[in-house]
Amino acid sequence: MRKLYCSMVLLTLVSIVSLPVLADCVGEVTARRSGASSSATESWTKYVAHFDEYVRATQTVGASTLLVKDGRVAFRRDTGMGDLELGQRIDANSLFQYGSITKTLTAITVLQLRDRGQLSLDDAATRYLPELRKVSAPPGWADRITIRMLLDHSAGFQVATWPWKQGLSWEPFEPTSWEQLVSMLPYQQLRFEPGERYSYSNPAYVYLARIVEVITGEPWLTYVQKNVFAPLGMNRSYFGTTPHYLAKHRSNNYTIRTAADGRPIRQANGRDFDPGITNPNGGWNAPLDDVARYLCFLTGAATIEPGGQRLHEIVLARTTLEEMWQPQLPIPSSQGRAGEDHIGLSFFIKQRGELRIIGHTGSQAGFHSFLYFNPATRTGVIAAFNTDNVSQGNESLLALRELAFEMLQ
């Protein structure tokens, strides 16, 4: 995502409802080692050692990670600083931005409407968004794009949502309105015939959120707060600028580049920024505790508590979540492991022998993160970092993620 910033404030949404069922499931979201097996402890110790080494090697300013097991946070690691200038340390209250992990929220809102009979995944996207016919493409291609293709990144849209790449002061961080995005459609191109293959696309998720808005008659940011955050008790999750009462916990984010003389240069990017109309593809902010609640929902751990199944059915049926985790298309070998990595309906599926891991990664400004879980073991992991070292390759991060998979067996 672009790393310019604007001061425009988008609607901030915070859930103030916390249902007791999920709260009982998660409990106090703190490290609970007493119930952990020795093998789990060993796996965590190995993982967190690599986590700390990654933080050190990449000069990451601050980071957090935790492991959820059966609806409890079994282990947690917070390290470094949230804001160097303010002397603010990373702790359990620190607020990170999760980038494209947000796409899983957007997909859930779409599947909610499907389950209520308000849309079909095989509906043409232009049924709800005729504006998509403005995109540069051969005749009829735009009308072949289905909601399912937007979900599994096979519609043909390019990754970038916007053309501004020079870093000039007048360029917006993100498009801020639907009208602005529509005016850009003639300058977007379908790179291949819809449905032909996988190609990751940020615009696809902006369009999905707009479909939710057209059907429900309310902003997607409002819809997700009422239909996902509130019932799951994710009461510190928000979009846009940070609410005043949470502002002291907001982590800054940093970019590290290499100067001409080889010295690393660290730049603070600012504690708040506005993703604009592209919030549904990457704008979720929260402490890790809220993400732990989300993992509790995804792993099905809440269903073992009295009333937990009812809560899950309010948000999304378990059978629908399982549907979202079925492989739709293979990921090219240049972007994943050939034959082992697939895209589902927004979620990525990582097959490692008999081990099936579900999840997503995220990157926005200087923040980056990953979220993975194993529904079979009701285990999940989340890691968030507030620094992007652009001079470093991805190999060490990929190795850390693979190590995280081992903990989820």
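Residues numbered from 1 in each chain as written. Predicted model: local features only at pLDDT ≥ 70, side-chain atom pairs only at ≥ 80, totals over all residues. Heavy atoms only, no water.

### Quick word on the overall build of the chain
- The number of helices and strands found in the chain is twelve helices and 14 strands.
- Among the 409 residues that make up the chain, the fraction classed as buried is 59%.
- Sequence separation of 24 or more characterises 71% of the internal contacts of the chain that already satisfy a separation of 6 or more.
- When the accessible surface of the chain is totalled, it reaches about 15,900 Å², and 51% of it is carbon and sulfur. (Helix = DSSP H or I, 4+ residues; strand = E, 2+ residues; numbered from the N terminus. Buried < 20%, exposed > 50% of the residue type's maximum accessible area, 1.4 Å probe, protein only. Contact = heavy atoms within 4.5 Å. Areas by Shrake-Rupley, 256 points an atom, 1.4 Å probe, with all protein chains shown as cover.)

### Re the packing of helix α3 (residues 102-115) against helix α6 (residues 203-216)
- Closest axis-to-axis distance for the α3/α6 pair is 10 Å, and the angle between their directions is 35°. Between α3 and α6 the crossing geometry is left-handed. For the pair α3 and α6, contact is made by Lys103, Thr106, Ala107, Thr109, Val110 and Leu113 and by Tyr205, Leu208, Ala209, Val212, Ile215 and Thr216, respectively.
- Of the residues in the contact of α3 with α6, the class split is eight nonpolar, three polar and one charged. (Axes fitted to C-alpha atoms, helices over the stretch in contact; angles between N-to-C directions. Left-handed = near helix turned anticlockwise from the far one by under 90°. Nonpolar A, V, L, I, M, F, W, Y, C, P; charged D, E, K, R; others polar.)

### A word on the pattern of salt bridges
- Evaluated as defined, the whole model comprises 24 salt bridges.
- Note that Asp78 is salt-bridged to Arg76, the shortest N-O span being 3.0 Å.
- Owing to a relative accessible area of 11%, Arg76 belongs among the buried residues under this scheme.
- Residues joined by salt bridges that share partners form a network here, namely Glu340, Asp341, Lys350, Arg352 and Glu402. (Salt bridge = Lys/Arg side-chain N within 4 Å of Asp/Glu carboxyl O.)

### Regarding unusual backbone geometry
- Notably, Gln59 is not glycine yet its phi reads approximately 60°, a positive angle.
- Position of Gln59 among the secondary structure elements: in the loop between α2 (38-57) and β1 (62-69).
- One non-glycine residue with positive phi stands out, namely Arg378, at about 50°.
- Topologically, Arg378 is positioned in the loop between β12 (367-374) and β13 (379-385).

### Description of the pairing of strand β10 (residues 348-352)
- The buried fraction of β10 is high, at four of five residues.
- As judged from the three bridges shared by strand β9 (residues 341-343) and β10, these two strands associate in the antiparallel manner. By the bridge assignment for β10, His342 is matched with Ile349.
- Where β9 folds back on β10, the antiparallel hairpin that results is connected by four residues, among which Ser346 adopts a positive phi of roughly 85°.
- Two elements, β10 and strand β11 (residues 355-364), share five bridges in a ladder whose sense is antiparallel. Bridge pairing in β11 links Phe348 to Gly359.
- Once β10 ends, the chain turns through two residues before running back antiparallel as β11, passing Gly353 with a positive phi of about 65°. (Pairing = 2+ DSSP bridges.)

### A look at the environment of Tyr223
- Tracing the sequence through the fold places Tyr223 in helix α7 (residues 220-229).
- Take Tyr223: its relative accessible area is 2%, and that puts it in the buried class.
- As for Tyr223 and Glu213, which are separated by ten residues in sequence, their C-alpha atoms are 8.1 Å apart.
- Once residues lying within four places of it in the same chain are set aside, the contact partners of Tyr223 are Thr109, Gln112, Leu113, Arg116, Val212, Thr216, Glu218 and Val228.
- Of the polar contacts made by the side chain of Tyr223, one reaches the side chain of Gln112; its length is 2.8 Å. (Polar contact = N/O pair within 3.5 Å; in protein donor to acceptor, adjacent residues only side chain to side chain.)

### Notes on the sheet that holds strand β6 (residues 264-268)
- Pairing in this open sheet of three strands is mixed, and the strands run β6-β5-β14 from one edge to the other. The outermost strands of the open sheet, each flanked by one partner alone, are β6 and β14 (387-389). Neighbouring strand axes in the sheet, compared pairwise and without regard to direction, differ in orientation by 20° on average.
- With five bridges connecting them, strand β5 (residues 254-258) and β6 associate as antiparallel partners. Bridge pairing in β6 places Thr255 opposite Gln267.

### Section: the sheet that holds β1
- Strand order in the open sheet formed by nine strands is β3-β2-β1-β13-β12-β11-β10-β9-β8, and the pairing between neighbours is antiparallel. Single-partner strands in this sheet number two, and they are β3 (88-89) and β8 (329-330).

### Points about the confidence of the model for the chain
- Summing up the model confidence of the chain, the mean pLDDT is 88 and the portion of residues at 70 or higher is 86%.
- Low pLDDT, under 50, characterises residues 27-34; the stretch is placed with 18 contacts to residues that sit more than four places away or in other chains. (pLDDT = per-residue confidence, 0-100.)

### As for the side chain of Asp123
- Along the polypeptide, Asp123 turns up in the loop between α3 and α4 (147-151).
- Polar side-chain contacts of Asp123 include one of 2.9 Å to the backbone nitrogen of Ser120.
- There is a polar contact of 2.6 Å between the side chain of Asp123 and the side chain of Tyr128.
- In this structure Asp123 touches Tyr128, Ile145, Thr146 and Ile147, once residues within four positions along its chain are discounted.

### Points about the packing of aromatic side chains
- One pass over the full model with this rule turns up 21 aromatic pairs.
- Note on Tyr47 and Phe51: the rings are 6.2 Å apart at their centroids and 35° apart in plane angle, and the pair reads as tilted. One end of the pair is Tyr47 and the other is Phe51, both in helix α2 and four residues apart, which spans about a single turn. Neither residue differs from the other here; Tyr47 and Phe51 are each classed as buried.
- Ring centres 6.0 Å apart and planes at 40° place the aromatic pair Phe370 and Tyr372 in the tilted group.
- Here the basic side chain of Lys103 rests over the ring of Tyr205, its NZ or CZ set 6.0 Å away from the ring centre. (Phe/Tyr/Trp six-rings, centres within 6.5 Å; stacked < 30°, edge-to-face > 60°. Lys NZ or Arg CZ within 6 Å of the ring centre and 35° of its normal.)

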